[in-house]
Amino acid sequence: MSGQREIQEYNYSVFVGSDDFIDFRTIVPVGTSAPDFRATVLETNETVRLSEYWKNKDVLIEFGSLT
Amino acid sequence: MARAFAPKGISFVFLYTREAHPGENYPAHRSIEQKLAYAKAFKAEFKIERPILVDDLVGTAHKLYGSLPNMTYLISRGGRVLFRADWTDPPTIEYAIDYVLNSRARRRDGLRLAPFYAEFVGYRWSDQTKFQEGLARAGQQAVDDFARATERRSKQGPRPGRIELSE
């Protein structure tokens, strides 16, 4: 179980603007292997690995939130 | 776009992250149930048809890919990154997918093609009205926080990693 502190650090309460744009340039460059992860499928509540999607098809993945 | 490219072998998925602009109506996540509920609200609000994957509460998947609020990655069958962008812009995505599909078609036609590393500057549509509407949906706090952040940044000069081009 994740600690409350980790939860609050990641899910900031106040937007201040991201400084991660420069870091983005060196994380997972084109041509390298995409990192796999587990996530919950909203529609079914099942846990899935992203690699299950790229097993048979190309995958376009977009990141975001409601706000 | 997801529907147009589905027959061409591209799966579109959405990874639900932390709230980029938390406000009174949609405050920062403190439980996975809350995150799932906001993801459902997002699906309804924007009529999202593609599968929505919800990350864990500490952003494990989000952090693996760079933690930015609106990133896009095109990953090949087999798991290699073919294209990525620090923003999501539909025409740019279409351009990238078409490029990949065309390259494969040329290869199939017998052309000898070798992969290489490439980058380019993207141009996205910046719709400030729509953006402000989005902040208002989150609540007045989100509107105010963004205004404060913008004012603070204007005093700090160019931000590392952000592309500023006027031409």
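The model shown is predicted, which means the values in this text are computed figures rather than measured ones. (Residues numbered from 1 in each chain as written. Chains lettered and ligands numbered in written order. Predicted model: local features only at pLDDT ≥ 70, side-chain atom pairs only at ≥ 80, totals over all residues. Heavy atoms only, no water.)

K.L.:
Which residues make up the pattern of salt bridges, and what values do they have?
P.N.:
The tally for this structure, following the rule as stated, stands at eight salt bridges over all chains. The partner of Asp58(A) in a salt bridge is Arg104(B), with the nearest N and O atoms 2.7 Å apart. Remark: Arg104(B) occurs in helix 4 (residues 90-108) and Asp58(A) occurs in strand 3 (residues 58-64); the pair is interchain, linking two chains. Assessed through its relative accessible area of 5%, Asp58(A) is described here as buried. Here Asp145(B) and Arg148(B) are joined by a salt bridge, their closest N and O atoms 3.0 Å apart. Placement of the pair is Asp145(B) and Arg148(B) together in helix 6 (residues 140-156), with a separation of three residues, close to one helical turn. What makes Arg148(B) partly exposed here is its relative accessible area of 46%. (Salt bridge = Lys/Arg side-chain N within 4 Å of Asp/Glu carboxyl O. Helix = DSSP H or I, 4+ residues; strand = E, 2+ residues; numbered from the N terminus. Buried < 20%, exposed > 50% of the residue type's maximum accessible area, 1.4 Å probe, protein only.)

K.L.:
Break down the nonpolar core for me, citing the residues and quoting the values.
P.N.:
In this structure, Leu50(A), Ile61(A), Tyr65(B), Tyr73(B) and Ile75(B) are the most contacted members of the largest nonpolar core, which totals 25 residues. Sorting the residues of this core by element identifies helix 2 (21-24), strand 1 (38-41), helix 3 (50-54) and strand 3 of chain A together with strand 1 (10-16) and strand 3 (72-75) of chain B as the ones contributing at least two each. Discounting residues that sit within four places of it in the chain, Leu50(A) has contacts with Pro35(A), Asp36(A), Phe37(A), Ile61(A), Val13(B), Leu53(B), Tyr65(B) and Ile75(B). (Core = buried A, V, L, I, M, F, W, Y, C linked by side-chain atoms within 4.5 Å. Contact = heavy atoms within 4.5 Å.)

K.L.:
Provide a residue-level description of the interface of chain B and chain A, including the pertinent values.
P.N.:
One frequently used descriptor of interface size is the decrease in accessible area upon assembly of the parts. Facing the 84 residues of chain B at the interface are 53 residues of chain A. Across the chain B/chain A interface, buried area totals approximately 6800 Å², and carbon plus sulfur atoms make up 60% of it. Per-residue buried area on chain B facing chain A is highest for Arg18(B), Arg30(B) and Arg84(B); these three make up 10% of the total on that side. Where chain B packs against chain A, one counts three salt bridges. Top contributing element to the side of chain B that touches chain A by residue count: helix 2 (residues 32-45) of chain B, with nine residues. Along the lines of polarity and charge, the residues of the side of chain B that touches chain A split into 46 nonpolar, 17 polar and 21 charged. The pairing of strand 1 of chain A with strand 2 (residues 52-54) of chain B spans two bridges and is classified as antiparallel. Across the sheet, the residue bridging to Thr40(A) is Val54(B), located in strand 2 of chain B. (Buried area = accessible area lost by both parts, 1.4 Å probe. Nonpolar A, V, L, I, M, F, W, Y, C, P; charged D, E, K, R; others polar. Pairing = 2+ DSSP bridges.)

K.L.:
Help me get a handle on the pairing of strand 1 of chain B, residues and values and all.
P.N.:
Burial runs high along strand 1 of chain B: seven of the seven residues are buried. Along strand 1 of chain B, one buried face is formed by Ile10(B), Phe12(B), Phe14(B) and Tyr16(B) and the opposite face, lined by Ser11(B), Val13(B) and Leu15(B), is buried too. With seven bridges joining them, strand 3 of chain A and strand 1 of chain B adopt parallel strand pairing. For Leu60(A), the partnering residue across the bridge sits in strand 1 of chain B and is Phe12(B). For strand 1 of chain B and strand 2 of chain B, the ladder comprises three bridges, and the chain directions are parallel. Looking across to strand 2 of chain B, one finds that Phe14(B) is bridged to Ile52(B).

Treat this as a map of the structure, not an account of what it does.
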